[in-house]
Amino acid sequence: MPSPRDRQARVATSAVFALQGLSFASLLVQVANLQTKHGIDDGTLTLLLLIVPVFAGVGSMAAGTYAARHGSRPLLRLAQPVVAVAVVLAGLAPNVPLLIPVLLVFGVSVGAVDAGMNMQGVAVERRYGIQVLNGFHCVWSVLSLAGALWASAASGLPLHWIMAIPMVVVVAGSLFAGPRLCTKEEEQPESEVSPIGGTLPWRPLIPLCLAMAFLYIGDAAVSNFNTVLMKNELHASASVIPLAYAAYQATTLAVRLGGDVAARRYGPAAIVRIGAVIATAGFLGVVLAPNQVLGIVAFGLTGVGLAVVGPQSFSAAGKLDPAGTGVAIARVNLFNYIGFILGAALIGGIAEAANYRVAYAAPLVLAAAIFVLAPAFQPRTPAAA
């Protein structure tokens, strides 16, 4: 039976996930508008988009080292407001030379928050004794969807105001949630040996890392390039463009609402297999979509398929790190950004050589590969064994 303290930590962790979803969407749905504002060609856009995942990987690994010693709560209390400030500055940046350092700061802080919030999620899941991590990713999707819908509704406002207004909510929410998160002692049970310094073996984590990379190649294709595909290939208007990302987040949310129940009933491996099949079908739809409506539907289908992979990766990584140090989670989270790096380079490169429809064939193949990796989502023994 969860204690009042467990429930308080669960609410605070939910808030952190939600605020991260809002921050992320507030920047990513504006990629096409930032491209237009600064007159950036597709090749330069790809290079700029690489900044975020490269430095997010740095932030994630640094977060793992820091959290193993101090816990993830102080990390989140610092890094999440920095994410919000970076989003505001991205909207205000008058030129590309000033946009670059802002994206660097955004990347490092986003990586730290991503790793830290999943450490908190796994800590709460461990304290509850049942799968709850999908629920945290669900609220991430709720606020990410809200960010996309806000961008659509406020499309007539100046770009910097569209990006800045949601960040007021992020800073206020972070100040509320920070003191209520799990402490280091609550994250790391004293009965377990803490492998500080990264002594956990890599081998059982490799399938989870690969699945995470393949997931985020697909997610990078949707998050970074859905607006460009909708604009350039399907000729959507400014008010319609954000709806593709909104569909992706809406279906992701719908699946995650029942994800924990499904994982408890059928097992993580089974739902990951089903998700891989659906995601493959969704990317095929993006490649073949003849009009805006079917394009939006296809993006929504990819959300259905990919929704369960991330939460189950972190949950499985948590089982492989019974001491709760966060090292395993930070490693798996690193491949989030490796996937984003490869996704941005792969999709952008293929699109420049051919077009964005052809480019989406790459995540189609990799989504299918997740099916093969599904057994790793039910680890039989802790890595320490």
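Shown above is the structure to which this text applies.
Residues numbered from 1 in each chain as written. Predicted model: local features only at pLDDT ≥ 70, side-chain atom pairs only at ≥ 80, totals over all residues. Heavy atoms only, no water.

Colleague: Lay out empty space enclosed by the protein with the relevant residues and their values.
Modeller: All chains considered together, the criterion is met by 2 cavities of 30 Å³ or more. In this structure, the largest cavity is lined by 37 residues; those nearest its centre are Phe24, Leu28, Trp140, Asp219 and Phe340. Split by residue class, the lining of the largest cavity holds 25 nonpolar, 9 polar and 3 charged. In this structure, the second largest cavity occupies an estimated 60 Å³ of space. In terms of lining, the second largest cavity is formed by 13 residues, of which the most central are Val122, Arg126, Gly324, Gly326 and Ile329. Broken down by secondary-structure element, the contributors of at least two residues to the lining of the second largest cavity are α5 (96-128), α14 (309-319) and α15 (327-353). Take the lining of the second largest cavity: its biggest share by element is 4 residues, from α5. (1 Å grid on protein atoms, 1.4 Å probe; cavity = no way out; pocket = protein on both sides within 12 Å on 5 of 7 lines; lining within 4 Å. Points joined across faces, edges and corners; volume = space filled by probe spheres on them. Nonpolar A, V, L, I, M, F, W, Y, C, P; charged D, E, K, R; others polar. Helix = DSSP H or I, 4+ residues; strand = E, 2+ residues; numbered from the N terminus.)

Colleague: Describe the layout of surface pockets, listing the residues and the values that go with them.
Modeller: Taken as a whole, the largest pocket encloses approximately 220 Å³ of empty space. Taken together, 16 residues form the lining of the largest pocket, with Gln30, Asn33, Ser155, Ala238 and Pro242 sitting closest to its centre. Of all the elements in the fold, those that place two or more residues in the lining of the largest pocket are α2 (31-38), α6 (133-153) and α7 (159-177). Broken down by element, the lining of the largest pocket gets its largest block of residues, 3 residues, from α2.

Colleague: Can you lay out the packing of helix α3 (residues 42-70) against α5 for me, pointing to particular residues and giving the numbers?
Modeller: Following both chains from N to C, one finds α3 and α5 inclined at 40°, their axes separated by 6 Å at the closest point. Here α3 is positioned oblique relative to α5, judged by the angle of their axes. Judged by the sense of rotation from one axis to the other, the crossing of α3 with α5 is right-handed. Each of Leu48, Ile51, Val52, Phe55, Ala56, Gly59, Ser60, Ala63, Gly64 and Ala67 in α3 lies in contact with α5, whose residues at this interface are Val96, Ile100, Leu103, Leu104, Phe106, Gly107, Val108, Gly111, Ala112, Ala115 and Met119. Here the residues of the contact of α3 with α5 sort into 16 nonpolar, 5 polar and no charged. (Axes fitted to C-alpha atoms, helices over the stretch in contact; angles between N-to-C directions. Parallel < 35°, antiparallel > 145°, perpendicular 65-115°, else oblique. Left-handed = near helix turned anticlockwise from the far one by under 90°. Contact = heavy atoms within 4.5 Å.)

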